[in-house]
Structures are given as structure tokens and as C-alpha cells.
Amino acid sequence: MRAVLGVAIDAGEVCAVLVDADVPALGPFDTQRWTVGDRAEAEAVSRAFTAMTERAARAEVHFTRAGLVAPATVVPDSGTTEVRTVGIDEARLAFLAAVPELDGVRTVVLIGRDDATVRVSVADLRSGAVLASVAAAEDDFGRIVPALPEAADEAVALAGVAPEALVFPDLRPGDVAAARALAAAVGVPFVTPHGGPWHRATGAALVAARTEPLPAPSSPSSRRVALLV
């Protein structure tokens, strides 16, 4: 087992997972979620690191790497664990590239919610690249139905490639019908990967598990990207 920790701040919550990087298709083998509440985000993330380290120790699981999706100002107290900060798109695509539901699929239409912004993107799962991305506005009730088809058409045209599936990892209860209708309009299947609620943290862990050296710590006055996710 090559255990890796993934932590992500998402809509006022901190999600944390432990992933076996040797078998990423299985998804997380331990998951936890906490509300940020009155705590500062940095404190909530540090609490997640501490809690998951303790849970891993009780299960006799050891990890030395972690991935973190959080603002640049959030730097956890992670002890000797190497931490890589991971962008949301990078985490999403790492997650999607590993899920068995998309095995053999290269290009997808990806709908993502980030800080109340909805984006329709066309992404290449093999290269981990976003080929095109278009913002889709929500209405006053948080619905995105009117904006989705036009945004998807524009993103596909800008990317210049034909997508093979549509995925929406940030689904809310009212989004399923709209996502299915959009998939039918684009002419691709709508895929809902298992473990979607944990996709940011899972993807961050998979990025951190890669074998290339992690970035060296930067000076205190600039963005810190590693400690010694």
C-alpha cells in the first residue's frame, strides 16, 4: 500500500481522504468531513491533517505525502508530511482519470462549481489539460439550466474536439435532470463517478502521489506550496 492523504476546502467544509495510490481506481479507503464553522480555514485544515494522521496511525497505515486544495494562505501544520498544493482543475482531472466509469474515455465535458461560479469545460483526461472553459451563470434560485447548453456549445467549439462523456462532480439535488438533458443535447453519456463528493480531496492525493519531486518551500513572503500537500 502507498497511502496518501488528500484534503480540500469545499463550500464551508473540509473533506479529507486516504487513498492507496497503487490502486487509485478503488477510490478512498477512509473519508472524513468537517464544517469549517467559526474556525479559520487554516485551523480547520490543520485539524483535518491531525485527525487523519491519528486515524491512519490507529489503522497502522503510514503516509508521507499529502495533497491540499485550499487558498494559498492556508498552510497546515503537517509535521514531516510533504504537502503539495493542488489547483481545483488539476485535482478534478486527476480524480476523473482514475475512475473506472471513465476507463477508455479521453475527452469529457466537465461541469464544475467553484466559489459559486459554474464553468463548463472540455478537458483531456490523458494529458490532464483543460482545452476550453466557459462560465455559466446561475439564476436567482441557483439553477443553471438556461445557461448550460449555450456554454457547452461554446466550450466544445473552442476546444475543437468531440467529447465522449459529460461529468458533473459537484451535483446538487436539482442538477441531475439538467445534466442529463445537456448530455442528450451534446450526444454523449452522462457519467456519475463513484466518490464524487470527495473528488477534490481524492484528486489532490493522487497528484501528490506522483513520483516527481515536490516543489521546494518558498520564502515566507511568497506563496508556500510545500512543507518539510
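Up top is the structure.
From a predicted model like this one, the values you see are computed outputs, not experimental measurements.

1. Description of the packing of helix α3 (residues 148-159) against helix α4 (residues 176-186)
When two helices pack together, their arrangement is given by the angle between their axes and by how far apart the axes lie.
Working step 1: Running from N to C, α3 and α4 cross one another at 40°; their axes reach a closest spacing of 10 Å. When the interaxial angle is binned, α3 and α4 end up oblique. For the pair α3 and α4, the sense of crossing is right-handed. Residues L148, P149 and A152 of α3 form the contact with α4, whose participating residues are A178, L182 and V186.
Working step 2: Residue composition of the contact of α3 with α4, grouped by class: 6 nonpolar, no polar and no charged.

2. Some words on the sheet that holds strand β2 (residues 13-20)
Working step 1: Strands sit in the order β3-β2-β1-β4-β5 across an open sheet of 5 strands; the sheet is mixed. Edge positions in the open sheet fall to β3 (28-35) and β5 (82-85), since each of these has one partner strand only. Each strand axis lies, on average, 20° off the axis of its neighbour in the sheet, ignoring direction.
Working step 2: Pairing geometry for β2 and β3, over 7 bridges, is antiparallel. Note on β3: the bridge partner recorded for E13 is T35.
Working step 3: Each of β1 (3-10), β2, β3, β4 (63-69) and β5 touches helix α5 (residues 199-208); the most contacted strand, β1, lies at about 140° to it.

Parameters and conventions
- Residues numbered from 1 in each chain as written.
- Predicted model: local features only at pLDDT ≥ 70, side-chain atom pairs only at ≥ 80, totals over all residues.
- Heavy atoms only, no water.
- Axes fitted to C-alpha atoms, helices over the stretch in contact; angles between N-to-C directions.
- Helix = DSSP H or I, 4+ residues; strand = E, 2+ residues; numbered from the N terminus.
- Parallel < 35°, antiparallel > 145°, perpendicular 65-115°, else oblique.
- Left-handed = near helix turned anticlockwise from the far one by under 90°.
- Contact = heavy atoms within 4.5 Å.
- Nonpolar A, V, L, I, M, F, W, Y, C, P; charged D, E, K, R; others polar.
- Pairing = 2+ DSSP bridges.

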